[in-house]
Amino acid sequence: MRPRHSLKFLGQPLLRLRIRPSFEEFVNQIQNKPNEEMNEHWAPQSFLCGIGLFPYDFVGKLEDVETYAPPIIEWISSGKENHFPTQDEIRFPSGGTKDSIEQYYTDDIKNKVKSTFKDDFAMLGYK
């Protein structure tokens, strides 16, 4: 299985050597970058969305989308009933994230990720 992290947009020493970093090296690299310098694919969502700067009245989690999407879709559809497709209906199989977490996340890496994304964890109610 190909690693789900990349050397692109990481520190120049790794780029010059053309070495794919381990997941731990990847986490270390992004942990030390200011939010403004992070690639949008792994920058904190709270930073990218301007949480605290823009008056959002709702922030949803992807794992709850089937619960909160239907009333939002109905609201933006002017009251017409619309159906939000399930993961099965769009034929988007699970990526096995739970297995990947156990494979890649040591306690040290978990702590680094929680520190780097502390505002996201707080905003979404993660522990």
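Scoring rules and cut-offs
- Residues numbered from 1 in each chain as written.
- Predicted model: local features only at pLDDT ≥ 70, side-chain atom pairs only at ≥ 80, totals over all residues.
- Heavy atoms only, no water.
- Helix = DSSP H or I, 4+ residues; strand = E, 2+ residues; numbered from the N terminus.
- Buried < 20%, exposed > 50% of the residue type's maximum accessible area, 1.4 Å probe, protein only.
- Contact = heavy atoms within 4.5 Å.
- Patch = residues over 30% accessible without salt bridge, like charges linked within 9 Å, V, L, I, M, F, W, Y side chains within 5 Å.
- Areas by Shrake-Rupley, 256 points an atom, 1.4 Å probe, with all protein chains shown as cover.
- Salt bridge = Lys/Arg side-chain N within 4 Å of Asp/Glu carboxyl O.
- Arc of directions from axis to C-beta.
- Phe/Tyr/Trp six-rings, centres within 6.5 Å; stacked < 30°, edge-to-face > 60°.
- pLDDT = per-residue confidence, 0-100.
- Axes fitted to C-alpha atoms, helices over the stretch in contact; angles between N-to-C directions.
- Parallel < 35°, antiparallel > 145°, perpendicular 65-115°, else oblique.
- Left-handed = near helix turned anticlockwise from the far one by under 90°.
- Core = buried A, V, L, I, M, F, W, Y, C linked by side-chain atoms within 4.5 Å.

Caption draft 1: Molecular detail of the overall build of the chain. Looking only at helices and strands, the chain features 7 helices and 0 strands. If you list the helices and strands of the chain from N to C, you get α-α-α-α-α-α-α. Counting across all 127 residues of the chain, residues that qualify as buried make up 24%. Taking the intrachain contacts of the chain between residues at least 6 apart in sequence as the baseline, contacts between residues at least 24 apart amount to 43%.

Caption draft 2: Region of the structure containing a nonpolar patch on the surface. Residues Ile51, Phe54, Tyr56 and Val59 make up a contiguous nonpolar surface patch of about 360 Å² in total accessible area. Here Phe54 shows up in the loop between α3 (45–48) and α4 (65–76).

Caption draft 3: Structural view of helix α6 (residues 107–116). For α6, the set of buried residues is Ile109, Lys112, Val113 and Thr116. Within α6, the buried residues cover an arc of 95° as seen down the axis, which keeps them to one side. Against the buried residues of α6 lie α2 (23–31), α5 (97–104) and α7 (118–124).

Caption draft 4: Quick peek at α2. Within α2 the residues assigned to the buried category are Phe23, Phe26, Val27 and Ile30. Buried residues of α2, seen end-on, are gathered within an arc of 95° and therefore sit on one face of the element. Looking at the buried positions of α2, the neighbouring elements they touch are α5 and α6.

Caption draft 5: Quick look at the side chain of Lys112. Structurally, Lys112 can be placed in helix α6. In this structure Lys112 touches Glu24, Val27, Asn28 and Gln31, once residues within four positions along its chain are discounted.

Caption draft 6: The arrangement of the packing of aromatic side chains in detail. As enumerated under the stated definition, the model contains 7 aromatic pairs in all. Here Phe58 and Tyr68 contribute two aromatic rings whose centre-to-centre distance is 5.0 Å and whose plane-to-plane angle is 65°, an arrangement assigned as edge-to-face. You can see Phe58 sitting in the loop between α3 and α4 and its partner Tyr68 sitting in helix α4, a full 10 residues away along the chain. Using a relative accessible area of 43% as the deciding quantity, one classes Phe58 as partly exposed.

Caption draft 7: Structural view of the confidence of the model for the chain. For the chain, the mean per-residue pLDDT works out to 82, and 83% of the residues sit at or above 70. When mean pLDDT is taken per element in the chain, α6 scores highest with 95 and helix α1 (residues 12–17) scores lowest with 57.

Caption draft 8: A look at the packing of α2 against α6. Between α2 and α6, the least distance of the axes is 10 Å, while the angle of their chain directions is 25°. On the basis of the axis angle, α2 is roughly parallel to α6. The way α2 lies across α6 gives a crossing that is left-handed. Here Phe23, Glu24, Val27, Asn28, Ile30 and Gln31 of α2 lie close against α6, whose contacting residues are Asp108, Ile109, Lys112, Val113 and Thr116.

Caption draft 9: Up close: the nonpolar core. Among the nonpolar cores identified, the biggest contains 10 residues, and these are Phe23, Phe26, Val27, Ile30, Met38, Trp42, Ala43, Ile109, Val113 and Phe117. It is α2 that provides the largest number of residues to this core, a total of 4 residues. Filtering out sequence-adjacent residues up to four positions away, Val113 remains in contact with Val27, Tyr105 and Phe121.

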